Amino acid sequence: MLPGGGARGAYQVGVVKALAEYLPGPASPFPIIAGISAGSINAAVLASHAGDLAHGAARLEGFWGNFRCNHIYRTGWWHNLTSGLHWLAAMTLGGLGVDNPRSLLDNAPLGELLTRELRTDGIRDAIDAGLLDALLITAAGYSTSRAVTFFQGRDDIDEWTLYRRAGQRTTIGPEHLLASAALPLLFPARRIGQEFYGDGGMRHTTPLSPPIHMGADRIVIIGTRDAAQDPEPPTCPEYPSLGEIGGYLLDVIFMDYLTNDLARLQRINHTLSLMTEEQRSQTELRPVKTVLIQPSRDVREVATRHMHRIPASVKTLLRGIGAWGPGRLPSYLLFEAEFCRELIDLGYRDGLAARDEVQAVMGR
């Protein structure tokens, strides 16, 4: 299970690199791979190389370790200046009709990268070879206000519809990854079929439900935020800027839903442990083992040392919405190799440290 986190997704690469060193291989031991937002891109690459987990991790490290922001979104002065003026005109004039701005940044370069580099045929090959049951990519439908999990998997897996959630069979391609990673307001929504989709974390309040629905009873989760609580401020801070509020909302989307879902799962597991076998057989519930690997350091502190690497045109845009400076939002947009490599190294160390927990959950 790979939740989102923008540029923080580099952390997941390091953890997977560590997993590949001590889990049996070379084939991936994960028959179900689920991803949301940036995690969906990592998930798709790993699924396309399910026959060799270490090779999939190496491919990801090669991408993330050489990223620049212009590989993900447009960073040119002219484009970002006109984008900022477009937003200013729309807000000042009360909208521009059909030509209202769609997003602050344009991630067309990411689409080009995915189209060029993603081996979508490898996903089908892995399924046909019995190496993969399903790849799950979740996006949020703006019209229906529901989380849709697009999945490519075995032929005997049925689609499903639940309250505000649905599973839809498809052939996963770049458009599904771009939809899942369309950070609200920052990147444009993507049209699939008759609906526009945005970041999968927005409506996915129970991110563990798709893999559990498909039968998973052991889940390794790689988060992108540390577990430490922020301390109470010694004095009353300034009123939060629009950028600070945006970063706060991204934290909610990417990790708070997951944390709440994990707490719910643990309560269910505890309740089942108190029941007799006969009582458990009368429910549709089953215990699910999980292990959550998350950064042992505050990613925001790591990002602060690398913020100067963000292109000047993007800094100007972020300053305009009060989002520049140490905080949450820049760390989601810092697709710079030096920052990503430091997160990969952190993930690798944390992945090695979690060896006993992972092997206990995986039954190794």
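No experiment lies behind these values; they were computed from the predicted model shown. (Residues numbered from 1 in each chain as written. Predicted model: local features only at pLDDT ≥ 70, side-chain atom pairs only at ≥ 80, totals over all residues. Heavy atoms only, no water.)

Caption draft 1: Spatial organisation of the overall build of the protein. Summing up its helical and strand segments, the protein has 16 helices and 9 strands in all. A globule of 364 residues ought to have a C-alpha radius of gyration of about 21 Å, and the protein, at 20 Å, matches this closely. Overall, the C-alpha framework of the protein stretches about 65 × 50 × 40 Å when taken along its three principal axes. Counting the 364 residues in the protein, one finds 51% classified as buried. A separation of at least 24 residues holds for 74% of the contacts in the protein among residues at least 6 apart in sequence. Accessible area of the protein: about 16,900 Å², with a carbon and sulfur share of 53%. Side-chain charges in the protein split into 35 positive and 39 negative, and the spacing between the mean points of these groups amounts to 2 Å. (Helix = DSSP H or I, 4+ residues; strand = E, 2+ residues; numbered from the N terminus. Rg over C-alpha atoms; globule rule 2.2 N^0.38 Å. Buried < 20%, exposed > 50% of the residue type's maximum accessible area, 1.4 Å probe, protein only. Contact = heavy atoms within 4.5 Å. Areas by Shrake-Rupley, 256 points an atom, 1.4 Å probe, with all protein chains shown as cover. Lys, Arg positive; Asp, Glu negative; His and termini not counted. Charge placed at Lys NZ, Arg CZ, Asp CG, Glu CD.)

Caption draft 2: Quick peek at the packing of helix α2 (residues 38-48) against helix α3 (residues 53-64). Where α2 meets α3, the closest approach of the two axes is 8 Å, and the angle between their N-to-C directions is 140°. Looking at the two axes, α2 sits oblique to α3. Judged by the twist between their axes, the crossing of α2 over α3 is right-handed. Packed against α2, whose contacting residues are N42, V45 and L46, the element α3 presents L53, G56, A57, R59, L60 and W64 at the interface. (Axes fitted to C-alpha atoms, helices over the stretch in contact; angles between N-to-C directions. Parallel < 35°, antiparallel > 145°, perpendicular 65-115°, else oblique. Left-handed = near helix turned anticlockwise from the far one by under 90°.)

Caption draft 3: Spotlight on the environment of I137. For I137, the location among the structural elements is in strand β2 (residues 134-141). On a C-alpha basis, the gap between I137 and F254 in space is 14 Å, while along the polypeptide they are 117 residues apart. If sequence neighbours within four positions are ignored, I137 has contacts with G35, S40, A43, V148, T149, F150, I172, H176, L177 and S180.

Caption draft 4: Representation of the packing of aromatic side chains. Under the defined criterion, the tally for this structure stands at 7 aromatic pairs. Each ring, one from W64 and one from F67, has its centre 5.2 Å from the other, and the planes form 65°; the classification is edge-to-face. When sorted by exposure, W64 lands in the same class as F67, which is buried. Note on F151 and W160: the rings are 5.7 Å apart at their centroids and 15° apart in plane angle, and the pair reads as stacked. The burial state of F151 is the same as that of W160; both residues are buried. Members of the aromatic cluster, each reached through a chain of ring pairs, are W64, F67, Y73, F187 and F335. The cationic tip of R8 hangs over the ring face of Y332; the distance from NZ or CZ to the ring centre is 4.3 Å. K17 extends its terminal NZ or CZ atom over the ring of Y348, reaching a point 5.2 Å from the ring centre. (Phe/Tyr/Trp six-rings, centres within 6.5 Å; stacked < 30°, edge-to-face > 60°. Lys NZ or Arg CZ within 6 Å of the ring centre and 35° of its normal.)

Caption draft 5: Molecular detail of unusual backbone geometry. The linkage connecting G25 with the following residue, P26, adopts the cis geometry, with an omega of 10°. You can see P26 is positioned in the loop between α1 (10-22) and β1 (32-36). A positive phi angle, close to 55°, is found at S145, a residue other than glycine. Turning to its location among the elements, S145 is positioned in the loop between β2 and β3 (146-153). The phi angle at R164 is positive, at roughly 60°, despite the residue not being glycine. Along the chain, R164 falls in the loop between β4 (160-162) and β5 (165-169).

Caption draft 6: Representation of the side chain of D226 in the model. Examined against the element boundaries, D226 turns out to sit in the loop between β8 (218-222) and α10 (242-273). It turns out D226 is buried and unbridged, and the closest side chain with the opposite charge, R300, is 5.2 Å from it. Those residues in contact with D226, other than ones at most four positions away along the chain, are Q294, P295, R297, D298 and V299. (Salt bridge = Lys/Arg side-chain N within 4 Å of Asp/Glu carboxyl O.)

Caption draft 7: Summary view of a nonpolar patch on the surface. A grouping of I245, Y248 and L249 is seen on the molecular surface, where their side chains present a nonpolar patch of about 290 Å² in accessible area. Take I245: it is sitting in helix α10. According to the relative accessible area criterion, I245 is partly exposed, its value standing at 36%. (Patch = residues over 30% accessible without salt bridge, like charges linked within 9 Å, V, L, I, M, F, W, Y side chains within 5 Å.)

Caption draft 8: Quick look at the nonpolar core. Residues L19, W64, Y73, L132, L135 and V358 are the most contacted members of the largest nonpolar core, which totals 101 residues. With 8 residues, α1 is the single largest residue contributor to this core. Each residue touching Y73, except ones within four places of it in the same chain, is listed here: L105, D106, N107, P109, F187, V314, L333 and F335. (Core = buried A, V, L, I, M, F, W, Y, C linked by side-chain atoms within 4.5 Å.)

Caption draft 9: Fine view of the environment of R154. Mapped onto the secondary structure, R154 falls in the loop between β3 and β4. Within the structure, the side chain of R154 is placed 2.9 Å from the side chain of D156, a separation counted as a polar contact. (Polar contact = N/O pair within 3.5 Å; in protein donor to acceptor, adjacent residues only side chain to side chain.)

Caption draft 10: Main features of the pattern of salt bridges. Under the counting rule described, the total for this entry stands at 15 salt bridges. E117 is paired through a salt bridge with R116; the nearest N and O atoms lie 3.6 Å apart. Since its relative accessible area comes to 28%, E117 is described here as partly exposed. By relative accessible area, which is 56% here, R116 ends up exposed. Note that D217 and R218 form a salt bridge whose closest N and O atoms lie 3.5 Å from each other. One network of salt bridges, in which partners are shared, links R68, R309, E336 and E338.

Caption draft 11: Molecular detail of the pairing of β8. Most of β8 is tucked away, with 4 of its 5 residues classed as buried. In terms of strand pairing, β8 meets strand β9 (residues 289-293) through 5 bridges, oriented parallel. The partner of I222 across the bridge, within β9, is I293. (Pairing = 2+ DSSP bridges.)

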